[in-house]
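Residue-level listing of the chains:
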Amino acid sequence: MVKQYKQPAGINHGAEERSHQNCFSTFPLQSKSMKYPSVFLFVLAATLVLETGCNEPAKIVLNPYEYTAQKRVTGFRGAVVSAHPLASKVGLMILQQGGNAIDAAIATQLALAVVYPGAGNIGGGGFMVAHLRDTGALAIDFREKAAAAATRDMYLDEQGDPVPRLSRMGHLSAGVPGTVAGLFASLKYAKLPFAQLIQPAIDLAEKGFVLTAAEAGSLNHTQEAFNQYNTSPTAFVNRAGWKAGDTLVQMELSETLKRIRDKGKEGFYEGETARQIVAEMNKGNGIISLNDLKNYEAVERKPKEFDYKGFRIISMPLPSSGGIILEQCLKMIENRDIEKMGFLSPRSVQLMTEVERRAFADRAVYMGDEDFVKVPVKTLTGEAYLKERMADFIPGKAGSSASVGAGNIIPESEETTHLSVADQWGNMAAVTTTLNDSYGSKTVVSGAGFLLNNEMDDFSIKPGVPNMYGAVGNQANAIEPGKRMLSSMTPTLVLHNSEPYLVLGTPGGTTIPTSVFQTLVDMIDFGLSPADAVNAPKFHHQWLPDELYIEKDFPPGIADSLKAMGYTLTQRNSIGRTEVIKIGKTKSGKGYIFEAVADKRGDDSAEAY
Ligand code: GLY
């Protein structure tokens, strides 16, 4: 259903920096040469605010017809950063209503499922990594699973050749969704009733919200696919074409959300919604059954934790490769004085490129769902192993993926979304969720109004044989019934002196762990502010293809030096959309100061109070 609204005058998606009640309107940008400068500026800003009495937080107002994106904001009670201004506002509203970081993360995810349909979802899956003041670190795995009827060769033709379209588009590409189970698995750490957390999402679906230019463009780009992979009309199709300021109303989705509100997890995995999903499967070539849905469970896992230069890093374990890759990359550079090489210098970029190459070679060969395959995680992250991996590293000379080791790499889409939350009690939550491609399989569940993922493409659809990207997959990530496909999502938290310090993560497929790696190194080793680290040009190497991807604003001089070392450079429009919250202590040591930064690369928006 399409309602046309006039373009609200207040919509402004340009980068904005804000602090509450303009307390920090002159909060300076940090110098890149200072080590950990933001901590000092945090304390200075906190002192100023507390001494001027400018500390009464403004209550958040949710106006879905007029909103702006904020790129950087500071506060004392909590912060939320996500891919959409309305979702970030919903999260902050929940914090202001007395919710903790988990409450806000749940509400923000649900809001994203409405206002950011390209990746926010209830028909996909994801991961939450949290650190709670009272109980410590936890990780919740709500990754999609292969249906019971899935088979290793389900995407091969009669000749045994892969048919990638089948794993990427339409009904057969969908894994059993995990997001709703994940929301309910995290609810036990929340404070507020679920009905309160889901209501903003219901309202946004029912009353609608105005589209940003980016969202309108992305919906327009997908109209043909929506028509091709749906047999019933969907809210996302607009024959006249979408434009910024149009209102998107999702009545069917609001009814589904109400069933989840009223019946809990069963409101999705059983009853009417489950029947609608299976009916949709039957319209195409889908295989998800009522039993697959009823049997789906999110799993609480032991987070991937390690130390880096005095910082405690907490990230996602398998079935995400993200935490292991992050640990491997950081550990391979830890004793190499990277801080002396300089931020974005040929030497530091080359070192980081070479560790990324090695970590991704290991991902390809060894990693998959540990519930199904044995993965040598201890070895892969062990000191001796990582030292050996770098034995053939030559500063100033490009390495070669042919000599680093034979193996496989699984390409992934980049359409995923991340949100970061921190609260006044010292709790942090990092959540990355995905439909895989933008708008997933492009198939909307008829009558239920939500998009199904195409996460099956994250499996290796034919182990050992190059797929549509010219890359090959491996047995560890082959399709098996009930198995979770390997992911790269890297929701990450950092503690410093046992105190909350950073919450971060990003979308970006295989570029996720390398973007998180670079953002951490930029802040910890090069002393960049969160805003500078988030917005710095990114680069990416994933072993195969043996190419170094650079963002379009990567400095040309550094690119020339890397070419001279022997690297093949490929330019990409943008890499990642990183959302960071940096947390410091107030002068008294009793409270926190939050600096929330949203990536410049999208409509991403930060809120704090
Ligand atoms: N579909 C992206 C990922 O899970 O890494």
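Predicted model only: the values in this text are computed from it and were never measured. (Residues numbered from 1 in each chain as written. Predicted model: local features only at pLDDT ≥ 70, side-chain atom pairs only at ≥ 80, totals over all residues. Heavy atoms only, no water.)

Asker: Sorry if this is basic, but what is going on with empty space enclosed by the protein here?
Answerer: It is the rolling of a water-molecule-sized probe over the atoms that shows where space remains empty. Per the stated rule, a full pass over the model turns up 7 cavities of 30 Å³ or more. Lining the second largest cavity are 13 residues, and of these Ala113, Gly120, Asn121, Phe450 and Leu451 lie nearest its centre. Looking at the lining of the second largest cavity residue by residue, the class counts come to 8 nonpolar, 5 polar and no charged. (1 Å grid on protein atoms, 1.4 Å probe; cavity = no way out; pocket = protein on both sides within 12 Å on 5 of 7 lines; lining within 4 Å. Points joined across faces, edges and corners; volume = space filled by probe spheres on them. Nonpolar A, V, L, I, M, F, W, Y, C, P; charged D, E, K, R; others polar.)

Asker: What am I meant to see in the sheet that holds strand S4 (residues 78–82) here?
Answerer: Within a sheet, each strand pairs with its neighbour through backbone hydrogen bonds, oriented either parallel or antiparallel. One open sheet accounts for 7 strands, arranged S9-S6-S5-S13-S12-S4-S21; its pairing is antiparallel. Here the strands that pair on one side only, and so sit at the sheet edges, are strand S9 (299–301) and strand S21 (605–608). Strand-to-strand twist across the sheet, computed as the mean angle between neighbouring axes with direction ignored, equals 15°. The sheet contact formed by strand S5 (residues 125–132) and strand S13 (residues 428–436) spans 7 bridges and is antiparallel. Bridging from a neighbouring strand, methionine 128 pairs with valine 431 of S13. Taken strand by strand, helix H5 (residues 179–186) contacts S5 and strand S6 (136–142), and its axis lies near 155° from that of S6. (Pairing = 2+ DSSP bridges. Helix = DSSP H or I, 4+ residues; strand = E, 2+ residues; numbered from the N terminus. Axes fitted to C-alpha atoms, helices over the stretch in contact; angles between N-to-C directions. Contact = heavy atoms within 4.5 Å.)

Asker: Just checking my understanding: could you explain the side chain of threonine 506 for this structure?
Answerer: Positionally, threonine 506 belongs in the loop between strand S15 (499–505) and helix H19 (511–524). The class of threonine 506 is buried, set by a relative accessible area of 0%. Separated by 2.8 Å, the side chain of threonine 506 and the backbone nitrogen of arginine 577 make a polar contact. With residues up to four places along the chain from it excluded, the contact list for threonine 506 reads His418, Thr432, Ile512, Ser515, Val516, Gly576, Arg577 and Thr578. (Buried < 20%, exposed > 50% of the residue type's maximum accessible area, 1.4 Å probe, protein only. Polar contact = N/O pair within 3.5 Å; in protein donor to acceptor, adjacent residues only side chain to side chain.)

Asker: Is there a simple way to explain the packing of helix H6 (residues 194–207) against helix H9 (residues 251–263) in this structure?
Answerer: A packed helix pair is summarised by two numbers, namely the angle formed by the two axes and the spacing between the axes. Where H6 contacts H9, the two axes come as close as 8 Å, and the packing angle between them is 170°. Viewed along their axes, H6 and H9 adopt a mutual orientation that is roughly antiparallel. Side by side, H6 and H9 meet where Phe194, Ala195, Ile198, Gln199, Ala201, Ile202, Ala205 and Glu206 of the first sit next to Met251, Ser254, Glu255, Leu257, Lys258, Ile260 and Arg261 of the second. Residues of the contact of H6 with H9, tallied by class, amount to 9 nonpolar, 2 polar and 4 charged. (Parallel < 35°, antiparallel > 145°, perpendicular 65-115°, else oblique.)

Asker: How should I be thinking about the pairing of S21 in this particular structure?
Answerer: The two faces of a sheet get side chains in turn, since along a regular strand they alternate between them. Burial along S21 is two-sided: the residues Ser605 and Glu607 and Ala606 and Ala608 are all buried. Where S4 lies against S21, 4 bridges are found, and the strand directions are antiparallel. Bridged to valine 80 within S21 is glutamate 607.

Asker: Any chance you could explain helix H11 (residues 271–283) here in plain terms?
Answerer: In an α-helix, one turn spans 3.6 residues; hence positions three or four apart end up facing the same way. Compared with an ideal rise of 1.5 Å per residue, which puts 13 residues at 18 Å, H11 spans 19 Å between its outermost C-alpha atoms and is within 8% of the ideal. Taken together, the buried positions of H11 are Thr273, Ala274, Gln276, Ile277, Val278, Glu280 and Met281. Elements in contact with the buried residues of H11: H9, helix H10 (266–269) and helix H12 (290–295). (Expected span 1.5 Å × (residues − 1).)

Asker: Is there a simple way to think about unusual backbone geometry in this case?
Answerer: Working note: non-glycine residues mostly have negative phi, and peptide bonds are mostly trans. A cis amide bond, omega 15°, links leucine 318 with the succeeding residue proline 319. Note on placement: proline 319 falls in the loop between strand S11 (311–315) and helix H13 (322–333). With omega at -5°, the peptide bond leading from leucine 544 into proline 545 counts as cis. By the secondary structure assignment, proline 545 is in the loop between strand S16 (539–540) and strand S17 (548–551). Although it is not a glycine, lysine 442 adopts a positive phi angle of roughly 75°. If you trace the backbone, lysine 442 turns up in the loop between S13 and strand S14 (492–496). Owing to a relative accessible area of 7%, lysine 442 belongs among the buried residues under this scheme. Of note in the backbone geometry, serine 498 takes a positive phi value of approximately 65° without being a glycine.

Asker: Can you walk me through the sheet that holds S16 in this structure?
Answerer: The 3 strands are arranged S16-S17-S18 in an open sheet whose pairing can be described as mixed. What marks the edges here is a single partner per strand, and that holds for S16 and strand S18 (569–572). Strand direction decides the pairing type here: S17 and S18, joined by 4 bridges, are parallel. Bridged to tyrosine 549 within S18 is threonine 570.

Asker: How should I be thinking about the packing of aromatic side chains in this particular structure?
Answerer: Two measures describe an aromatic ring pair: the distance that separates the ring centres and the angle between the ring planes. Taken as a whole, this structure holds 10 aromatic pairs when the rule is applied. A network of ring pairs unites the aromatic residues Phe268, Tyr269, Tyr296 and Phe450 as a single cluster. Of note, lysine 265 hangs over the ring of tyrosine 269, and the distance from its end group to the ring centre comes to 5.5 Å. (Phe/Tyr/Trp six-rings, centres within 6.5 Å; stacked < 30°, edge-to-face > 60°. Lys NZ or Arg CZ within 6 Å of the ring centre and 35° of its normal.)

Asker: What is the right way to look at the packing of helix H3 (residues 101–115) against H5 in this model?
Answerer: Here H3 crosses H5 at 160°, and the two axes come no closer than 10 Å. Our classification of the angle between H3 and H5 gives roughly antiparallel. Considering the relative orientation of H3 and H5, their crossing is left-handed. Every residue of H5 that contacts H3 at Ile102, Ile106, Gln109 and Leu110 is listed here: Thr179, Leu183 and Ser186. Per-class residue counts for the contact of H3 with H5 are 4 nonpolar, 3 polar and no charged. (Left-handed = near helix turned anticlockwise from the far one by under 90°.)

Asker: Even after reading the chapter, I still don't get the pairing of S15, so can you show me in this structure?
Answerer: The buried fraction of S15 amounts to 6 of the 7 residues, a majority that puts the element mostly inside the structure. Across 5 bridges, the pairing between S14 and S15 is antiparallel. Pairing of leucine 493 across the sheet is with valine 503, part of S15. Counting the residues in the hairpin turn of S14 and S15 gives 2 residues, including asparagine 497, whose phi is positive at 50°. Strand direction decides the pairing type here: S15 and strand S19 (residues 579–585), joined by 4 bridges, are antiparallel. When the bridges of S19 are listed, glycine 505 appears paired with glutamate 579.

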